[in-house]
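Residue-level listing of the chains:
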Amino acid sequence: MTIERNLHKLVDEIEKKFPLEPHVREALLSVEREAFVPNGFKQLAYTLDALPMAASQWISSPLTVAKMTQHLELKGVDSVLEIGCGSGYQAAVLSKICRRVFTIERIDELLKEAKKRFSALEMHNIFTRFDDGQRGWKQYAPFERILFSATAKEIPEVLFDQLAEGGILLAPVEEAENYHIITRYYKKNGRITSETIEQSLFVPILDGTQK
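1. Overview of helix α1 (residues 3-17)
An ideal rise of 1.5 Å per residue puts 21 Å on 15 residues; α1 measures up with 22 Å between its terminal C-alpha atoms. Looking at α1, one finds that the buried residues are Asn6, Leu7, Leu10, Val11 and Ile14. Buried residues of α1, seen end-on, are gathered within an arc of 130° and therefore sit on one face of the element. Along α1, the residues that are exposed and aim more than 90 degrees away from the buried face are Glu4, Arg5, Lys9 and Lys16. Where α1 is buried, its residues meet α2 (22-29), α3 (62-71) and α4 (89-95).

Written out as structure tokens, the structure reads:
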């Protein structure tokens with residue numbers, strides 16, 4: 001089966017569970033997920049499964065990536081900051097909608113692999129940083145959107161500071177052990193308000209960096 005047919009099958013499976021807006025559907029159709037999956041799992045690249053990868057981390061389910069992308073409300077957005085690059089798949093999808101994607105990863109091995117993938121796929125509008133993402137990326141702030149691709153116990157104030165006026169920050173927030181709620185924060189007139197969207201399960205955000 002060709003990559004194109006696999007992608008259409010994958011996106012059709014996503015849409016059975018979560019109706020996609022056209023721009024999100026197009027973004028998912030334009031990123032070959034198998035390029036982001038470890039070699040031993042290529043045959044599962046176009047299923048809805050989360051898959052293991054290096055450094056005891058996981059590549060999120062395409063359904064989760066689709067939901068997070070759509071919940072960010074990205075139409076017309078120029079810049080987005082992602083906390084937790086992982087395999088790079090989420091950043092790749094974002095790069096098909098936004099002009100500039102800034103993604104931070106705390107595990108050096110994962111970031112190096114993701115950078116190779118971005119380069120091989122000629123995704124030149126993704127900018128990477130090896131750092132603790134909880135500090136954000138002040139040099140390029142403010143960001144219109146900020147996405148956590150890992151669960152936070154609380155959102156660091158510095159990230160709300162780096163969120164543009166009128167911007168959205170989206171994060172899975174740990175309410176209790178193994179109970180994470182995708183939460184959308186809005187910044188209006190300098191004030192932060194929030195709404196809960198749905199339950200989820202992500203790997204936790206950890207402090208510091210790992211070489």
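2. Things to note about the state of the cysteines
Tallied over the full model, the rule gives zero disulfides. Here Cys85 stays unpaired: no disulfide links it, and the sulfur of Cys98, its closest cysteine neighbor, is 15 Å away. Judged by relative accessible area, which is 4%, Cys85 ranks as buried.

3. Overview of the nonpolar core
Counting 46 residues, the largest nonpolar core has Leu20, Leu28, Tyr89 and Phe118 as the members making the most contacts within it. The set of elements that each furnish at least two residues to this core consists of α1, α2, β1 (51-53), α3, α4 and α5 (108-120). By residue number, the principal contributor to this core is α4, which donates five residues. Apart from the residues within four sequence positions on either side, Phe118 is in contact with Phe36, Cys85, Gly88, Ala91, Ala92, Thr103, Met123, Ile126 and Thr128. Counting 17 residues, the second largest nonpolar core, distinct from the first, contains Leu81, Ile83, Ala152 and Ile155.

4. Describing unusual backbone geometry
Omega for the peptide link from Ala141 to Pro142 comes to 5°, which places this bond in the cis form. Structurally, the position occupied by Pro142 is in the loop between β5 (126-130) and β6 (143-148). Of note in the backbone geometry, Glu73 takes a positive phi value of approximately 55° without being a glycine. The class for Glu73 is partly exposed, based on a relative accessible area of 37%. Despite not being glycine, Asn189 shows a phi value in the positive range, around 55°. Tracing the backbone shows Asn189 in the loop between β8 (179-188) and β9 (191-200). Using a relative accessible area of 74% as the deciding quantity, one classes Asn189 as exposed.

5. Focus: the environment of Glu15
Following the sequence through the fold, Glu15 ends up in helix α1. Residue Glu15 is classed as partly exposed on the basis of its relative accessible area of 28%. In this structure, the C-alpha to C-alpha distance between Glu15 and Glu144, residues 129 residues apart in sequence, is 27 Å. If near-sequence neighbours (up to four positions away) are discounted, Glu15 is found in contact with Leu20 and Arg25.

6. Let's talk about the sheet that holds β9
Taken together, the seven strands give an open sheet; going across it, the order is β5-β4-β3-β6-β7-β8-β9, and neighbouring strands pair in mixed fashion. Two strands close off the open sheet at either side, each with one partner strand: β5 and β9. With direction set aside, neighbouring strand axes in the sheet form an average angle of 20°. Inspection of the sheet shows strand β3 (residues 79-83) paired to β6 by four bridges, in the parallel sense. Within the sheet, the bridge partner assigned to Val80 lies in β6 and is Arg145. Strands in contact with α5 are β4 (100-105) and β5; relative to β5, the strand with the most contacts, it is inclined by about 165°.

Basis of the calculations
Numbering of residues starts from 1 in every chain and runs along the sequence as written. Only residues with pLDDT of at least 70 are given local features in this predicted model, and only at 80 or more are side-chain atom pairs given and counted; all residues enter the totals for whole chains, interfaces and linings. The side-chain numbers reported here are obtained from all heavy atoms of the structure, hydrogens and water having been left aside. Every helix listed is a DSSP run of H or I at least four residues long, and every strand listed is a run of E at least two residues long, numbered separately from the N terminus. Multiply 1.5 Å by the residue count of a helix minus one, and that product is the helix's expected span. To sort residues, take the accessible area from a 1.4 Å probe on protein chains only and compare it with the maximum for the residue type: under 20% means buried, over 50% means exposed, and anything in between is partly exposed. Each C-beta atom gives one direction from the helix axis, and the arc is the one those directions make. In this analysis, two residues are considered to be in contact whenever any of their non-hydrogen atoms come within 4.5 Å of each other. Cysteine sulfur atoms are paired as a disulfide whenever they come within 2.5 Å of each other. The nonpolar core is taken to be a set of buried Ala, Val, Leu, Ile, Met, Phe, Trp, Tyr and Cys residues, with the residues joined through side-chain atoms within 4.5 Å. Any two strands between which DSSP finds at least two bridges are classified as paired. Fitted lines through C-alpha atoms serve as axes, helices being fitted only where they are in contact, and the angles separating the N-to-C directions of these axes extend from 0 to 180 degrees.

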